[in-house]
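Listed below, chain by chain, are the residues.
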Amino acid sequence: MLEPPVVALNKSYNRLSKIKTLFACQKKAPYLFVLPFVVSFLVFFLYPIISTVIMSFQRIDGPESITFIGLKNYKNLINPHFFNALWVTTRYTFWTMLVLIPLPLLLAVFLNKKTTIGKKYFKSAFFMPALTSVIVAGLFFRLAFGEQETTLVNSILGVFGIKPMVWLQDPEGSMFAMVLLCTWRWLGVNIIYFLSGLQGIPVELYESASIDGANEIQQFWHITLPSLKPVIMYVLTISVYGGYSMFAESFALWSGPRSPGEIGMTIVNYLYQEGFNNNNLGFASAIGITLFVLVMIVNVIQLWVSGFFKKEGV
Amino acid sequence: MKKSLVLLLSLVLFLTMTVSGCGKEQRAADAKAGDGKATTLTFWTFQELHKNFIDDGVATWNTNHPDKPIVVKTEVYPYDEMHNKLLIAIQSGTGAPDMADIELGKFANFLKGSKPGLVEFNDVIEPVKDKLIMGRLENYAKSGKYYGLDYHVGAEVMYYNKEILDQAGINVNDIVTWDDYIAAGKKVVEKTGKPMTTLESMEKWSYYPLICMQGSDAMDKDGNVILDNAINVKTLQTLKDMLYKDKIAIITPGGHHHSEEYWAWMNKGNAASVWMPMWYMGRFVQYMPDLKNKIVIRPMPVFPGGKKSAGMGGTGTAITTQSKNIELAKQFLAEAKLSKEGSIKTWSLLGFDPIRSDAWSDPVMSAPNKYTDYFGTDIFITLKSVVGDIGSINVGPKFPDAMAQIEKNVIFKVLKEQSQSPEEALKVAADDVKAK
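This is a predicted model, so every value here is computed, not measured. (Residues numbered from 1 in each chain as written. Chains lettered and ligands numbered in written order. Predicted model: local features only at pLDDT ≥ 70, side-chain atom pairs only at ≥ 80, totals over all residues. Heavy atoms only, no water.)

**Some remarks on the layout of surface pockets**
Stated precisely, the cut-off is as follows: Any residue with an atom within 4 Å of a point lines the site, the site being either a cavity, points on a 1 Å grid over the protein atoms alone where a 1.4 Å probe fits but cannot get out, or a pocket, an open set with protein on both sides within 12 Å along at least 5 of 7 lines. Grid points are joined across faces, edges and corners, and a volume is the space filled by probe spheres set on the points. Here a strand is any run of E in DSSP of at least two residues, a helix any run of H or I of at least four, and the numbering for each starts at the N terminus.
What the second largest pocket holds in volume is close to 1,100 Å³. If you trace the second largest pocket, you find 33 residues lining it, with A:Pro48, A:Ile49, A:Thr52, A:Leu271 and A:Gly288 closest to the centre. Counting residues per element, the ones that place at least two in the lining of the second largest pocket are helix H2 (29-55), strand E1 (58-62), helix H12 (229-244), helix H14 (267-277) and helix H15 (281-305) of chain A together with helix H3 (79-92) of chain B. If you tally residues by element for the lining of the second largest pocket, the top one is H15(A), at nine residues.

**Observations concerning the pairing of strand E11 (residues 295-298) of chain B**
Residue and element names in this part refer to chain B. For the record, the criterion: Exposure is judged per residue with a 1.4 Å probe applied to protein chains only, and the accessible area is read against the type maximum: over 50% gives exposed, under 20% gives buried, and values in between give partly exposed. Between any two strands, pairing holds if DSSP finds at least two bridges.
Along E11, one buried face is formed by Ile295 and Ile297 and the opposite face, lined by Val296 and Arg298, is buried too. Pairing between strand E7 (residues 156-161) and E11: four bridges, direction antiparallel. Directly across from tyrosine 159, in E11, lies its bridge partner isoleucine 297.

**Overview of the packing of helix H2 (residues 48-64) of chain B against helix H13 (residues 326-338) of chain B**
Residue and element names in this part refer to chain B. Selection rule: Under this scheme, a helix contributes an axis fitted over its contacting stretch, all axes are lines through C-alpha atoms, and angles between N-to-C directions fall in the 0 to 180 degree range. Any angle from 65 to 115 degrees is called roughly perpendicular, while one under 35 is roughly parallel, one over 145 is roughly antiparallel, and all others are oblique. The contact criterion used throughout is that any non-hydrogen atoms of two residues lie within 4.5 Å. Amino acid classes used here: Ala, Val, Leu, Ile, Met, Phe, Trp, Tyr, Cys and Pro are nonpolar; Asp, Glu, Lys and Arg are charged; the rest, including Gly, are polar.
Axis separation between H2 and H13 bottoms out at 10 Å; the angle between their running directions is 105°. In terms of orientation, H2 lies roughly perpendicular with respect to H13. Facing Phe53, Ile54, Gly57, Val58, Thr60, Trp61 and Asn64 of H2, the residues of H13 in contact are Leu328, Gln331, Phe332, Leu333, Glu335, Ala336 and Lys337. Of the residues contributing to the contact of H2 with H13, the split by class is eight nonpolar, four polar and two charged.

**Some remarks on the interface of chain B and chain A**
Heads up, the condition is: Each of two parts loses accessible area, computed with a 1.4 Å probe, when they are put together; buried area is these two losses added. When a carboxyl oxygen of Asp or Glu lies within 4 Å of a side-chain nitrogen of Lys or Arg, that pair is called a salt bridge. Polar contacts, as counted here, are pairs of nitrogen or oxygen atoms within 3.5 Å of one another; within protein the pair requires one atom able to donate a hydrogen and one able to accept it, and residues that are adjacent in sequence qualify only if both atoms are side-chain atoms.
Taken together, the contact pairs 33 residues of chain B with 34 residues of chain A. When chain B packs against chain A, the two sides together hide about 3,000 Å² of surface, and 48% of this comes from carbon and sulfur. Considering only the surface of chain B that becomes buried against chain A, B:Gln91, B:Lys112 and B:Lys408 emerge as the three largest contributors, covering 22% of it. On the surface where chain B and chain A come into contact, there are three salt bridges. Residue B:Lys408 pairs with A:Glu262 through a salt bridge whose shortest N-O separation is 3.2 Å. Across the contact surface, chain B and chain A share 19 residue pairs in polar contact (both at pLDDT 80 or more). The set of elements that each furnish at least two residues to the side of chain B that touches chain A consists of H3, helix H4 (104-110), helix H11 (260-267) and helix H17 (399-416) of chain B.

**Examining the sheet that holds strand E10 (residues 273-277) of chain B**
All names here are of chain B. The strand order across the open sheet built from three strands is E10-E7-E11, with neighbouring strands paired in antiparallel fashion. Either end of the sheet is taken by a strand with one partner, and the two such strands are E10 and E11. Between one strand and the next, the sheet's axes are offset by a mean angle of 30°, whatever the strand orientation.

**Considering the UniProt feature "transmembrane region" (unreviewed entry) in chain A**
All names here are of chain A. What counts here: UniProt positions are given in the numbering used here, feature names are shortened, and annotations may be inferred rather than shown by experiment.
The UniProt entry lists residues 29-50, 92-112, 124-145, 175-195, 231-254 and 281-305 under the feature "transmembrane region" (unreviewed entry), expressed in the numbering used here. Span residues 29-50 is 100% helix and 0% strand, its end C-alpha atoms 29 Å apart. With 83% helix and 0% strand, residues 231-254 has end C-alpha atoms that lie 34 Å from one another.

**A closer look at the nonpolar core**
The following threshold applies: Nine residue types can take part in a nonpolar core, namely buried Ala, Val, Leu, Ile, Met, Phe, Trp, Tyr and Cys, and a core is a set of them joined through side-chain atoms within 4.5 Å.
Judged by nonpolar contacts, the single largest core of 142 residues is most densely connected at B:Tyr159, B:Met196, B:Trp275, B:Phe284, B:Phe332 and B:Phe375. Dropping the residues within four chain positions of it, B:Phe332 is found in contact with B:Ile54, B:Gly57, B:Val58, B:Trp61, B:Ile70, B:Val72 and B:Met99. Core analysis: the second largest hydrophobic core is formed by 39 residues, A:Leu157, A:Leu168, A:Met246 and A:Leu253 among them.

**Structural notes on the packing of H17(B) against helix H18 (residues 422-435) of chain B**
Residues and elements named next belong to chain B. Put simply, the rule is: In a left-handed crossing the near helix is turned counterclockwise from the far helix by less than a right angle, and in a right-handed crossing that turn is clockwise.
Running from N to C, H17 and H18 cross one another at 155°; their axes reach a closest spacing of 10 Å. Relative to H18, the element H17 is oriented roughly antiparallel. Between H17 and H18 the crossing geometry is right-handed. For the pair formed by H17 and H18, the contact residues are Asp401, Ala402, Gln405, Val410 and Val414 on the first element and Pro422, Ala425, Leu426, Ala429, Asp432 and Val433 on the second. Of the residues assigned to the contact of H17 with H18, the class counts are eight nonpolar, one polar and two charged.

**Brief notes about the domain arrangement of chain A**
Size of an interface: often given as the accessible area lost when the parts come together. Spelled out, the test is: Residue ranges for the domains trace back to a domain assignment, done automatically or taken from a database.
Along its sequence, chain A is carved into domain 1 (3-55) and domain 2 (76-305). Taking only C-alpha atoms into account, the centre of domain 1 of chain A sits 40 Å from that of domain 2 of chain A.

**Notes on the environment of A:Ser306**
Residues and elements named next belong to chain A. Relative to the assigned elements, serine 306 resides in the segment after H15. Each C-alpha atom, one on serine 306 and one on leucine 98, is 16 Å from the other, the two residues being 208 residues apart in sequence. If near-sequence neighbours (up to four positions away) are discounted, serine 306 is found in contact with Lys229 and Met233. A distance of 2.9 Å separates a polar atom in the side chain of serine 306 from the backbone oxygen of leucine 303.

**Notes on the confidence of the model for chain A**
We apply this condition: A residue's pLDDT is the confidence the predictor assigns to it, expressed on a 0 to 100 scale.
Taken over all residues, the pLDDT of chain A has a mean of 88, while the share at 70 or more is 95%. No element of chain A has a lower mean pLDDT than helix H1 (residues 3-24) of chain A, which averages 65, and none a higher one than helix H4 (residues 80-100) of chain A, which averages 95.

**Quick notes on the packing of aromatic side chains**
Operational definition: Ring pairs shown here join Phe, Tyr and Trp side chains whose ring centres sit within 6.5 Å, with only the six-membered ring taken for Trp; geometry is labelled stacked below 30 degrees between planes, edge-to-face above 60, and tilted in between. Whether a charge lies above a ring is judged from NZ of Lys or CZ of Arg, which has to be within 6 Å of the ring centre and within 35 degrees of the ring normal.
Applying the stated criterion across every chain yields a total of 44 aromatic pairs over all chains. A connected cluster of aromatic rings, assembled from ring pairs, spans A:Phe140, A:Phe141, A:Phe145, A:Trp167, A:Phe176 and A:Trp184. One residue, B:Lys204, lies across the ring of B:Trp205, its end atom 4.7 Å from the ring centre. Across from the ring centre of B:Tyr151, 3.1 Å away, lies the NZ or CZ of B:Lys337, which sits over that ring.

**A closer look at H12(A)**
Residues and elements named next belong to chain A. Short version of the rule: Expected helix span is taken as 1.5 Å per residue step, with the number of steps being one fewer than the number of residues.
In a regular helix each residue adds 1.5 Å, so 16 residues correspond to 22 Å; H12 covers 22 Å between its end C-alpha atoms and thus fits that length. Regarding H12, the residues found buried are Val231, Ile232, Met233, Val235, Ser239, Val240, Gly243 and Tyr244. Structurally, H12 contributes buried residues whose contacts are with H4, helix H5 (102-112), helix H9 (171-199), helix H11 (216-227), H14 and H15.

**Brief notes about the sheet that holds strand E1 (residues 39-45) of chain B**
Either a parallel or an antiparallel arrangement is found when strands of a sheet pair, and the pairing is made through backbone hydrogen bonds. All names here are of chain B. Reading across from one edge, E2-E1-E3-E12-E6 is the order of the five strands in this open sheet, with mixed pairing throughout. Because the sheet does not close on itself, it has two edges, and the strands there are strand E2 (70-76) and strand E6 (149-150). When E1 meets strand E3 (residues 99-103), the two strands line up parallel, connected through two bridges. Considered in E3, the bridge of tryptophan 44 is made with alanine 100.

**Section: empty space enclosed by the protein**
Enumeration according to the criterion identifies two cavities of 30 Å³ or more in this entry. Reported here for the largest cavity is a volume of approximately 80 Å³. Lining the largest cavity are 13 residues, and of these A:Asp61, A:Gly62, A:Pro63, B:Ile90 and B:Asn109 lie nearest its centre. Only E1 of chain A together with H3 and H4 of chain B provide two or more residues apiece to the lining of the largest cavity. Examining the composition of the lining of the largest cavity, we find that three residues originate from one element, H3(B), more than from any other. By volume, the second largest cavity amounts to about 70 Å³. Looking at the lining of the second largest cavity, its residues break down into six nonpolar, two polar and two charged.

**Regarding the pattern of salt bridges**
Residue and element names in this part refer to chain B. Evaluated as defined, the whole model comprises 18 salt bridges over all chains. Residue aspartate 378 is joined to arginine 298 by a salt bridge in which the shortest nitrogen-to-oxygen separation is 3.3 Å. Taken together, the positions of aspartate 378 in the loop between helix H15 (370-375) and helix H16 (379-386) and arginine 298 in strand E11 put the pair 80 residues apart, joining distant regions of the chain. Residue classification places aspartate 378 among the partly exposed residues on the basis of a relative accessible area of 24%. In this structure arginine 298 comes out as buried when scored by relative accessible area, which is 17%.

Right, dumping it as structure tokens:
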């Protein structure tokens, strides 16, 4: 009477041990461990990428009316709106790189000093914005950059006797707002990158430098900066990518791809507008593919210039 | 450091729980109503108020039709997100709800192609055709088939601040033409120092109604782009003159009449009037409480030979072809939105101008509510005097793009930046829309 449960137990024990051997097997286990990533990559990334490439050659009017139109979507990209979006995005990327590399680097150096007071507080205070939703933050920034005299930014300007400005209907003013929002949000993240880079620099280097009589600035220039080069390269690469794929900041400031005179129209906002607002998914796919190619080109140039492709020791 | 991490994690956990909790509560409430026999219909909207309207309609339906009870599960999404989700669901052939609200500016996207993913309403519209403001349904039609039922007429009207006009010694009822309006505006500026009105630089509501009132549009009946025709150019010049020549108007604070800056500014009694559709009443009541009893609603000034109003904006409720209960959904929507009772509810619940003309003379309509308290009791007298002039607008496949061009480029570059003349800006926009 007791037999069946024992059999079942044996079976389950066998199955368990089979799984155990599978996990222990040096040949199979690695594949097993990367399987979740591979599957999610295939389903959620590779499949959409391939269908985006296909869609970029199609005109899609509805579920049952899809026609292949060759390169027409790509030819349609030659229009002032796309070039404007490209220009806005490039300017934005330039400014974010100009601000978001030196500034967090300096702050990280200060936060890494033993003598700085309240390090923990500043670390978390700088990082906090990265945890907020960009839509929520964008709403705050939109109201802060309102055009009335009583809005936050204009009232601060008022203290210095500067007249209130219409920020979000002015090309320069809105670029400033977008870059500020981006800086506020990503400063902490870049500080973390630089901090971890700084902590990897051996203390001995600084000690011997100071014995040799190098001052702080010389130490920064000749030890910190060269040692941080890989981290700077990494931050530069993700900044290019992040700048060109910017969407939410502009979307939140004008509640959609609706900036007047397209002063805040980035490439991804243009993609969104064409794909969803104008239901032209084929054209939007072509924009996406073009953006991908552009970012790749910019990144490869930047890595090439910085000597990333040169062999070690050459 | 560890402590703060724990605090942060628990905060995240708490937020996740509250957010997911909301969803669950909703589902539980629905499940209670649907006790097995009732048919469940799903409804997507981007307007919380519309959910209340549909819920009310469901209660009425279940009393009137105990033999075929229904439960409507409503999901309220943000405006853009809902339209995108719906577009993708219809495009991919799966995941669409039974019914959905689609805003007029987006509707054309859903009618592209030879087989729209929406169901036609012709059989429920035909019997009551003579009582409906058909121009409003034409907006959701393609080759004679009606795909959406609107909530309101959206008649364009003028909201005057009577207090300011009294100070300037102007009788509202004397303003009949645009010449009268501009003359009155100059008087207002001279006497009170306040602008007569505000013009939008980022949205279409100051400009688009005026061209429609003169029989023009962005496209003609056949979908050809007429954005740069003489009427449109002249009208844009008139607006520009109001700003810089007659100096009776200023650019709207915040760029449009739905911005927080404008509401706060207008609430202080800073402008003598604004033209917006009837549904803008809700914004006054909600966001400009200090103007209560100061605002009167009057017909728009007219252009020589022009109309007295135009139907602006709107949201069409549609049924998707993916629905498994098309007939039931259609009967329900017809009762909720096309019947006289339903139409009256659009006023009493939503403060809209009902789409059925026989609803307007019903005694219920003159009963006091928060709108009559705010604007006085003559709202429907004004509406009746202009409604005969309300036609449809031409909503072809290029409509969303044309409206985006007006809002983002034409208005902004001509009225705000002054970097282009009306002719130039409209020509560029027209060529742009044509090219696609």
